[in-house]
Amino acid sequence: MHLANTFARADTDLNAVREVSLTVNATHLFVYFIPEAPEEAAKLGVTEYAPAYFALRSAPMGAVPWQVTLAAFYNFSPRSVRAMAGVWDTASPQEWQAARFTAVDRAMRRVGVSLTADQIAEARSLIDPVVASADHAGKTMAAANASVPLPDDPLVALWQHITVLREWRGDAHITVLAAGGLGPCDCNVLQTATGHFPEAIARATRLWDDEEVAAATTRLVARGWLDADGTATDAGIAAREQIEVETDEHCAALWTPIGDAGVRRLTSLIRPIHDAFTAAGTYPFRVETGDTRSADPEAARQAPFSRSRDERTRGAG
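Below: a short report on this structure. (Residues numbered from 1 in each chain as written. Predicted model: local features only at pLDDT ≥ 70, side-chain atom pairs only at ≥ 80, totals over all residues. Heavy atoms only, no water.)

**Remarks on the packing of aromatic side chains**
Part 1: Applying the stated rule across the entire model yields eleven aromatic pairs.
Part 2: Arranged with centres 5.2 Å apart and planes meeting at 75°, the rings of Phe54 and Phe76 form a pair that is edge-to-face. One end of the pair, Phe54, is in helix α3 (residues 49-58); the other, Phe76, is in the loop between α4 (66-73) and α5 (78-81), and 22 residues separate them in sequence.
Part 3: Put simply, the rings of Tyr32, Tyr49, Tyr53, Phe54, Phe73 and Phe76 pair up and form one aromatic cluster.
Part 4: Geometry around Trp168 places Lys139 over its ring, the cationic atom sitting 4.5 Å from the centre. (Phe/Tyr/Trp six-rings, centres within 6.5 Å; stacked < 30°, edge-to-face > 60°. Helix = DSSP H or I, 4+ residues; strand = E, 2+ residues; numbered from the N terminus. Lys NZ or Arg CZ within 6 Å of the ring centre and 35° of its normal.)

**Some words on empty space enclosed by the protein**
Any space left empty among the atoms is revealed by the rolling of a water-sized probe across them.
Part 1: One pass over the structure, following the stated rule, counts one cavity of 30 Å³ or more.
Part 2: Of the volumes computed, that of the largest cavity is approximately 90 Å³.
Part 3: Together, twelve residues line the largest cavity, and Val31, Tyr32, Ala37, Tyr53 and Leu56 are the ones closest to its centre.
Part 4: Put simply, the parts of the chain that give the lining of the largest cavity at least two residues each are α2 (36-43) and α3.
Part 5: Per element, the largest residue contribution to the lining of the largest cavity is four residues, and it comes from α3.
Part 6: Split into classes, the residues belonging to the lining of the largest cavity amount to nine nonpolar, no polar and three charged. (1 Å grid on protein atoms, 1.4 Å probe; cavity = no way out; pocket = protein on both sides within 12 Å on 5 of 7 lines; lining within 4 Å. Points joined across faces, edges and corners; volume = space filled by probe spheres on them. Nonpolar A, V, L, I, M, F, W, Y, C, P; charged D, E, K, R; others polar.)

As C-alpha cells, then:
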C-alpha cells in the first residue's frame with residue numbers, strides 16, 4: 001500500500017508534519033461541536049443537524065448535488081449525506097458560508113480565544129505562503145476552501161486558512177485510503193477499533209448500518225487487521241499508523257515554504273485556539289494533538305457519551 005515514492009519529496013521533518021497536522025485539525029474541529037453552528041443554520045431555515053452540517057461544510061464547493069459532497073467527504077454513508085438534498089433551495093452556498101463564519105466568530109468570542117493581533121499577524125505570515133503555494137490537484141475540499149474570500153475579521157480569516165490546510169490533508173488521506181483499498185465504511189471501522197475516534201460518534205454521524213459495519217469488519221478480519229470480535233490486532237494498529245505515515249509523506253512538500261522552524265512556530269501559535277475550546281468543555285472526547293497522538297483503543301471504545309441525539313450527530317468532519 002506504500003505510495004510515498006509517488007509523492008513529491010521534501011526535507012520537512014515528518015514529526016513536525018504530524019504535529020502541525022494534528023494541531024491544524026484540532027484547531028479547526030470546534031466548528032462541528034459548537035451550538036452557534038446550528039443556531040446560524042436555523043436562521044437560514046434548517047433546524048436538523050445533518051443537512052446543516054453538510055451545507056455548512058460543503059458550501060465552498062457551490063450548489064453541488066449531495067452525491068458530489070458524498071464523494072468529497074468519503075467516509076460518510078450515502079444515507080447520511082442524502083439528508084442535505086434541498087439545502088441550496090433554503091439558502092445559497094454563499095449564505096451558508098457566511099453563516100459558518102458568523103458561527104466561528106461568535107464561538108471564538110464566547111470561549112475567549114486569546115491570540116493577540118501580533119500573534120495573528122505572525123501566524124498569517126507563516127500560513128499564507130503555505131496556502132498560496134499549495135498544489136490542489138486532487139484536493140477537492142482544499143481547493144474549494146482556498147477559493148472562499150477571506151472574512152474581514154483577522155482571527156476568522158486565520159481560521160479559514162487553517163481550514164484549507166485541514167481539508168488538504170484530508171484530501172491527501174483519501175488518496176492513501178483509496179489506493180490501499182480501504183473503503184468508506186472500512187476506514188470508519190478501523191478508525192474506531194484503533195481508538196482514533198469514538199464508535200458512538202462514528203455510528204451516529206456516518207450512519208453505516210449494522211450489516212455494512214459487519215461486512216467491513218469481515219473484510220478487515222481477512223486482512224488480519226481485526227480479530228473476529230472487532231478488536232484491532234497489532235497488525236491493524238500498525239496498518240493504521242502506516243496510513244498516517246503515508247499521509248504525512250504526502251503532506252511534507254506542502255510545508256516546505258516555511259521549513260521545520262516555521263512549521264513548529266505555527267503549531268505553537270495556533271494551539272491556543274484549541275486550548276480555549278477544550279477548556280470550555282466543547283468536546284465529548286479527547287481530541288488528538290501533538291501531545292496526545294498515542295491512541296488507546298479500549299479508552300475510545302468506552303468513552304463516555306451521554307449527550308442527546310441532536311448533540312450526538314454533531315460529529316467531526
